[in-house]
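Take a look at the letters that make up each chain.
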Amino acid sequence: MKAHRLLTTVGIVAAGALALTGCGGAQTPPAAAFDPDEKVTLTYAFWGNDDRAKRYDELIAAFNEEYPNITVNVSFTDFPSYWEKRQTEAAGGGLPDVFQFSDSYLRQYGESGNLLDLAEVADQIDMTTFDDGLLGTGALGGTQYSLPTGYSLWANFVNDDLVAQAGVAAPEGGTDFAEFDEWMAEVTEKTGGAVYGGTDYTQRIQAFELVLRADGGNLYTDDGELGFSKDQLREFWESGAGLRDGAAVPQQRLEELSPKSGFGAALTASEMSWSNFLGGYLADSGASSISIVAPPTAKEGSKDLYRQAGLQVAISAKTEHPQAAALFLDFVVNSEAAGQVFGTTLGFPASSSKLAGATLEGADKQVADYIESASDRIGDAPPVPVAGYGSLEQTFWELGKSLGLGTTSVDQAVDQFFSEAEVVLG
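Values in this document were obtained by computation on a predicted structure and should not be read as measured data.

**Describing the overall build of the chain**
- Check the secondary structure of the chain and you find 18 helices and 12 strands.
- Its C-alpha atoms put the chain at 65 × 45 × 40 Å along the principal axes.
- Counting across all 426 residues of the chain, residues that qualify as buried make up 56%.
- Excluding contacts between residues fewer than 6 apart, the proportion of contacts in the chain whose partners are at least 24 apart in sequence is 78%.
- For the chain, the computed accessible surface area is about 17300 Å², with 48% contributed by carbon and sulfur atoms.

**Observations regarding the packing of aromatic side chains**
- If you walk through the whole model with that rule in mind, you get 38 aromatic pairs.
- Ring geometry for Phe-46 versus Tyr-56: centroids 4.5 Å apart, planes at 40°, classification tilted. With a gap of 10 residues between them, Phe-46 in strand β1 (residues 40-47) and Tyr-56 in helix α2 (residues 50-66) connect regions that are remote in the sequence.
- Under the relative-accessibility criterion, Phe-46 is labelled buried at 0%.
- When its relative accessible area of 0% is taken as the criterion, Tyr-56 is described as buried.

**Considerations on the pattern of salt bridges**
- Counted by the stated rule, this structure contains 13 salt bridges.
- Between Arg-307 and Asp-131 there is a salt bridge, with the nearest N and O atoms lying 3.8 Å from each other. One end of the pair, Arg-307, is in the loop between β10 (290-293) and β11 (311-315); the other, Asp-131, is in the loop between α4 (106-110) and α5 (132-135), with 176 residues separating them in the sequence.
- Take Arg-307: its relative accessible area is 32%, and that puts it in the partly exposed class.

**With respect to helix α12 (residues 278-285)**
- Within the span of α12, buried status applies to Leu-278, Gly-279, Gly-280, Tyr-281 and Ser-285.
- In this fold, the buried residues of α12 make contact with α2, β8 (154-159), β9 (270-274), β10 and α16 (363-373).
- Of the residues one or two after α12, Gly-286 is the one with positive phi, at around 75°.

**Section: the sheet that holds β9**
- Taken together, 3 strands build an open sheet; the order of strands is β9-β8-β10 and the sheet is antiparallel. A strand with exactly one partner marks an edge of an open sheet, and here the two such strands are β9 and β10. Each neighbouring strand pair of the sheet contributes to a mean axis angle of 30°, computed without reference to strand direction.
- Bridging between β8 and β10 involves 4 bridges; their strand directions are antiparallel. Paired with Asn-159 across the two strands is Ile-290, which belongs to β10.
- Of the strands in this sheet, β8, β9 and β10 touch α12, which is tilted by about 150° from β10.

**Let's talk about helix α18 (residues 410-425)**
- The terminal C-alpha atoms of α18, which comprises 16 residues, lie 22 Å apart, in line with the 22 Å expected from a rise of 1.5 Å per residue.
- By the burial criterion, the buried members of α18 are Val-410, Ala-413, Val-414, Phe-417, Phe-418, Ala-421 and Val-424. Taken end-on, α18 shows its buried residues confined to a sector of 125°, consistent with a single buried face.

**Some points on a negative patch on the surface**
- On the surface, Glu-172, Asp-176, Glu-179 and Glu-182 cluster together into a negatively charged patch.
- Note on placement: Glu-179 falls in helix α7 (residues 177-190).
- Taking relative accessible area as the criterion, Glu-179 reaches 42% and is therefore assigned partly exposed.

**Quick notes on the packing of helix α9 (residues 230-238) against α18**
- Put simply, α9 and α18 touch, their axes get as near as 10 Å, and they point 135° apart. Comparing the axis directions of α9 and α18 gives the class oblique. Two packed elements cross with a definite hand, and for α9 against α18 that hand is right-handed. Contact residues: α9 offers Lys-230, Leu-233, Arg-234, Trp-237 and Glu-238, while α18 offers Val-410, Asp-411, Ala-413, Val-414, Asp-415, Phe-417 and Phe-418.
- When grouped by side-chain class, the residues that make up the contact of α9 with α18 number 7 nonpolar, no polar and 5 charged.

**Here we look at the environment of Gln-203**
- Secondary-structure assignment places Gln-203 in the loop between α7 and α8 (205-214).
- Residues within four places of Gln-203 in sequence aside, it is in contact with Gln-251, Phe-396, Trp-397, Gly-400 and Lys-401.

**Notes on the environment of Val-414**
- Within the secondary structure, Val-414 sits in helix α18.
- Along the primary structure Val-414 and Gln-232 are separated by 182 residues, whereas in three dimensions their C-alpha atoms are 9.7 Å apart.
- Apart from the residues within four sequence positions on either side, Val-414 is in contact with Lys-230, Leu-233, Arg-234 and Trp-237.

**Some points on unusual backbone geometry**
- Residues Ser-258 and Pro-259 are joined by a peptide bond in cis, for which omega reads 15°.
- Mapped onto the secondary structure, Pro-259 falls in the loop between α11 (251-257) and β9.
- The backbone of Ala-266 shows a phi angle near 60°, a positive value even though the residue is not glycine.
- Structurally, Ala-266 can be placed in the loop between α11 and β9.
- Assessed through its relative accessible area of 27%, Ala-266 is described here as partly exposed.

**Observations concerning the pairing of β8**
- Of all 6 residues in β8, 6 are buried; the element is thus mostly enclosed.
- Of the two faces of β8, both are covered, the one formed by Trp-154, Asn-156 and Val-158 as well as the one formed by Ala-155, Phe-157 and Asn-159.
- As paired strands, β8 and β9 are joined by 5 bridges and run antiparallel to one another. Each residue of the ladder has a partner; that of Asn-156, found in β9, is Met-272.

Reading the values: rules and limits
- Residues numbered from 1 in each chain as written.
- Predicted model: local features only at pLDDT ≥ 70, side-chain atom pairs only at ≥ 80, totals over all residues.
- Heavy atoms only, no water.
- Helix = DSSP H or I, 4+ residues; strand = E, 2+ residues; numbered from the N terminus.
- Buried < 20%, exposed > 50% of the residue type's maximum accessible area, 1.4 Å probe, protein only.
- Contact = heavy atoms within 4.5 Å.
- Areas by Shrake-Rupley, 256 points an atom, 1.4 Å probe, with all protein chains shown as cover.
- Phe/Tyr/Trp six-rings, centres within 6.5 Å; stacked < 30°, edge-to-face > 60°.
- Salt bridge = Lys/Arg side-chain N within 4 Å of Asp/Glu carboxyl O.
- Pairing = 2+ DSSP bridges.
- Axes fitted to C-alpha atoms, helices over the stretch in contact; angles between N-to-C directions.
- Expected span 1.5 Å × (residues − 1).
- Arc of directions from axis to C-beta.
- Patch = residues over 30% accessible without salt bridge, like charges linked within 9 Å, V, L, I, M, F, W, Y side chains within 5 Å.
- Lys, Arg positive; Asp, Glu negative; His and termini not counted.
- Charge placed at Lys NZ, Arg CZ, Asp CG, Glu CD.
- Parallel < 35°, antiparallel > 145°, perpendicular 65-115°, else oblique.
- Left-handed = near helix turned anticlockwise from the far one by under 90°.
- Nonpolar A, V, L, I, M, F, W, Y, C, P; charged D, E, K, R; others polar.

Structure representation (structure tokens):
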């Protein structure tokens, strides 16, 4: 039985991190034993695109071959709208039974009692397939709240077709930021703006994180504070002035393309994101070939990259079907079918059993090869994200867009970010 997809229209809502964090979680009663004959319907939500949705349809069909009594209705949207919707649901006590999760929100949702302690459904989930480091990405205070689907590295994607069209050499991986900016400007100039070299990467907090980590820092500290100053943020955003002055695609064009990115719409020759985005980019852009190279670095020889197991799966603490929800979670993160269906599009498989089902060829092998090629730059993982990090990440992105639209200055953006951080971090 193939579960049909339930598409939902997600509106823009105003729901702050404080509303979510302040929402106390109810005590979850012990999960009842699973009845394999009981008809159960679960809701599952994820962020992504049509390619990811088709893969989930295929995975759910495989799940239903094993568990025909469990119907899984799914919904998906883009990343920003996804978390706005989840925050509203959490405040009202109505999260999906199972949902794609991010370690950015681990403190926020875990400490507020919105996530099920997976120890309560341990009989339905195999956690021995994860190494301790990856298992820890979904744990807080000794409680396992979520499990990773895979892990990724920050990467720079290059549309080989557009680079050839521009008549320029492909960019080298691991250059400094100034050299990469020059390459972007060259692509834009050679094509007369028909294709842009890339997007303004200073909008992304992950690019700022690279700069901080190259100098031994992090976005946040072990104590849950910001790990950078106003001056550091100001310098970073000011470094993007040349990109916003014509080298990068204008922000107004990106607003018109949303929810597709400039790279997904084949308007830019490059874009930085997590390595697991390759499959989606190929599907969206229609490119015959996309290369993955190491992103620019602020300091040669630094350990600025890390294994990011941010894409996780969690269960609502208020689900009425915890055992069935756990079976589905386990299928997503552990089954060989998940490895076969998703390959590396949800990250390089984090569990040994999922990896066993993955055939690493084509795009999947390309991601695996990239991770191996960048291994010398991989350092220790950063501290567990601060409570409200997801909200701060989105604020960083929105302020970066405002800089691109010219509706705010760098000084104003810095002040706004730190004001938001004071509220979110208390």
